[in-house]
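A look at the structure
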Protein chains: 2
Amino acid sequence: MPERKSRKDAVRNREAVLAAADALFARRESPEDVTMADVAAAAGVGKGTLFRAFGDRAGLLRALYEARLEPIREAAEAGPPPLGPGTPPQRRVSALLDAILCFKLDNRRLALALEESGNGSPYQAEHYEWWHSLLRAVLEQVPGLTDSGFTAHALLAATRADLVEHLAGHERVPRETARAQLANFATRVLTSGPARELSADD
Amino acid sequence: MPERKSRKDAVRNREAVLAAADALFARRESPEDVTMADVAAAAGVGKGTLFRAFGDRAGLLRALYEARLEPIREAAEAGPPPLGPGTPPQRRVSALLDAILCFKLDNRRLALALEESGNGSPYQAEHYEWWHSLLRAVLEQVPGLTDSGFTAHALLAATRADLVEHLAGHERVPRETARAQLANFATRVLTSGPARELSADD
DNA sequence: GAACATACGGACCCGCGGTCCGTTTTTCAA
DNA sequence: TTGAAAAACGGACCGCGGGTCCGTATGTTC
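Here's a quick rundown of the structure. Given the structure is predicted, the values throughout are model-derived calculations rather than measurements.

Section: the relation of the copies chain A and chain B
Overlaying chain A on chain B yields an RMSD of 0.1 Å, the required transformation being a rotation through 180° with an accompanying axial translation of 0.0 Å. Both copies of the chain, as the preceding transformation shows, are related through a two-fold rotation axis. Among all C-alpha atoms of chain A, that of Ser192 of chain A lies closest to the rotation axis, at 2.2 Å. Here 95% of the interface residues in chain A have copies in chain B that are interface residues too; the copies meet face to matching face.

And the structure:
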């Protein structure tokens, strides 16, 4: 028996909370002045309900984030090129990074809230792990590239939510410019010719 | 007369706090379970004193960080090669990144505490601004490299404290390996594609 | 519709950053 | 040397936010 079905007021409230939180994070300047009590109030629900449904603040953030991310995740896992498999690795890396960047541009506050939300580094988050191993796997197929694990980390670091926020929000870099710069950067990393040192693969 | 000299108990206490905080951050697992009260107690001082001397938690962190960082900063600004000026740009970029990485490896907890310490992104911190503009200036002299502003951000992102912590602490990557990987990564970024390479380093 | 399971919600608790203010120490001029 | 103004001390105190508890309400089942 997988799981007994929830009561319907429970699911209704869950949705309400998700929606309210989404709206709040989008509206408020900084994620950290969206308080749990705020969310509960906005959803027309008691704090107890909120915490029962999501465990803690991080849980709520995670739920929101995963919900938003799922389409992209699927597209990356089994979608059509250039995001999905069956794309030349070099091109696919760029596409993946671009997708992540766009996602974070479109969900700045939320991504920010999740990544900086106190408890533990973003590097233990399940979704990070996922992106990292996917990217690493693809990088492994790029000829002449070593240290794909580290490289994946480094490339992903260029799409960190607070950096994106800084660029888009503070430095006023336009979306397309940011995308172009990231793409350019990725290209540089991938197409470096001569720098192989201890590679024996390929 | 710029500023009247502080009372000597004030400076003594300031030192005591700095030392105590340093020790505490080094010892405790996570920076966030070093409380202000802890620091005050460890320094044998009241909370009031602590806050009067440093303004707030971020101020204390900043003071600690700056103190540790100063030597490297000077070395980078006016020291001998390869860190200082008068070094070929590519080599200098690597040297700078390596210095930052080593610094963060040696001061993991502290760097972590400062970068994640709630208030605002690390990107508004004065020291970040400093590193970024230095690195950007050097990158500007690398032939064939565009977007030096973004590139500087991206390279610095690869040395973020929580990433370093993840690599060194969680993935157990040895120091020298991490350094080599970062250097390799930097090299790739700098010696890209069509421009062939002119690296004769090492 | 009774009896059981489940969810509700807001009063409540706790720890932490930060402030306040009566007390103590330092300084300095007389 | 002294005494009073200036500066610093320190810990009780405050507000806020995350998280819990439990008596009450609502849905579910037979």
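Examining the nonpolar core
Core analysis: the biggest nonpolar cluster contains 130 residues, and Leu60, Trp131 and Leu135 of chain A together with Leu60, Trp131 and Leu135 of chain B have the highest contact counts within it. Setting aside residues up to four positions removed in sequence, Trp131 of chain B forms contacts with Leu69, Ile72, Ala76, Leu96, Ile100 and Leu156 of chain B.

Focus: the packing of aromatic side chains
Under the defined criterion, the tally for this structure stands at nine aromatic pairs over all chains. Taking 6.2 Å as the distance between ring centres and 80° as the angle between the ring planes, the aromatic pair formed by Phe185 of chain A and Phe150 of chain B counts as edge-to-face. With Phe185 of chain A in helix α10 (residues 175–190) and Phe150 of chain B in helix α8 (residues 148–157), this pair bridges two chains. An identical accessibility class is assigned to Phe185 of chain A and Phe150 of chain B; each is buried. On the basis of an interplanar angle of 80° and a centroid distance of 5.0 Å, the ring pair of Trp130 of chain B and Trp131 of chain B is categorised as edge-to-face. Through a chain of ring-to-ring contacts, the aromatic side chains of Phe150 and Phe185 of chain A together with Phe150 and Phe185 of chain B assemble into a single cluster. Of note, Arg73 of chain A hangs over the ring of Trp130 of chain A, and the distance from its end group to the ring centre comes to 5.0 Å.

Structural notes on the interface of chain A and chain B
Contacts between the two partners involve 37 residues from chain A and, on the opposite side, 38 residues from chain B. Between Arg160 of chain A and Asp162 of chain B there is a salt bridge whose closest N-O contact spans 2.9 Å. Summed over the shared surface of chain A and chain B, the result is 14 residue pairs in polar contact (both at pLDDT 80 or more). Only α8 (148–157), α9 (161–170) and α10 of chain A provide two or more residues apiece to the side of chain A that touches chain B. Per-class residue counts for the side of chain A that touches chain B are 15 nonpolar, 16 polar and six charged.

Considerations on the environment of Glu77 of chain A
Turning to its location among the elements, Glu77 of chain A is positioned in helix α4 (residues 57–78). It is 30 Å that separates the C-alpha atoms of Glu77 of chain A and Leu24 of chain A, two residues lying 53 residues apart in sequence.

Let's talk about the protein's contact with DNA strand D
The environment of DNA strand D is formed by 21 residues, the closest being Lys47 and Arg57 of chain A together with Arg7, Asn13 and Arg52 of chain B. Put simply, 58% of the atoms of DNA strand D that lie within 4 Å of the protein are in sugar or phosphate. Here a phosphate oxygen of DNA strand D and a side-chain polar atom of Asn13 of chain B are 2.3 Å apart. Elements with a contribution of two residues or more to the surface near DNA strand D: α1 (8–27) and α3 (47–54) of chain A together with α1 (8–27) and α3 (47–54) of chain B. The dominant element in the surface near DNA strand D, judged by the number of residues it contributes, is α3 of chain B, at four residues. Of the residues in the surface near DNA strand D, the class split is four nonpolar, six polar and eleven charged.

Quick word on the protein's contact with DNA strand C
The environment of DNA strand C is formed by 21 residues, the closest being Arg7, Asn13 and Arg52 of chain A together with Lys47 and Arg57 of chain B. Put simply, 58% of the atoms of DNA strand C that lie within 4 Å of the protein are in sugar or phosphate. Interatomic distance of 3.3 Å between a backbone N/O atom of Gly46 of chain A and a phosphate oxygen of DNA strand C. For DNA strand C, a phosphate oxygen lies 2.8 Å from a polar atom in the side chain of Arg52 of chain A. Counting residues per element, the ones that place at least two in the surface near DNA strand C are α1 and α3 of chain A together with α1 and α3 of chain B. In terms of residue class, the surface near DNA strand C is made up of four nonpolar, six polar and eleven charged.

What counts as what
- Residues numbered from 1 in each chain as written.
- Chains lettered and ligands numbered in written order.
- Predicted model: local features only at pLDDT ≥ 70, side-chain atom pairs only at ≥ 80, totals over all residues.
- Heavy atoms only, no water.
- Least-squares fit on C-alpha atoms with pLDDT ≥ 70 in both.
- Contact = heavy atoms within 4.5 Å.
- Core = buried A, V, L, I, M, F, W, Y, C linked by side-chain atoms within 4.5 Å.
- Buried < 20%, exposed > 50% of the residue type's maximum accessible area, 1.4 Å probe, protein only.
- Phe/Tyr/Trp six-rings, centres within 6.5 Å; stacked < 30°, edge-to-face > 60°.
- Helix = DSSP H or I, 4+ residues; strand = E, 2+ residues; numbered from the N terminus.
- Lys NZ or Arg CZ within 6 Å of the ring centre and 35° of its normal.
- Salt bridge = Lys/Arg side-chain N within 4 Å of Asp/Glu carboxyl O.
- Polar contact = N/O pair within 3.5 Å; in protein donor to acceptor, adjacent residues only side chain to side chain.
- Nonpolar A, V, L, I, M, F, W, Y, C, P; charged D, E, K, R; others polar.
- Near = heavy atom within 4 Å.

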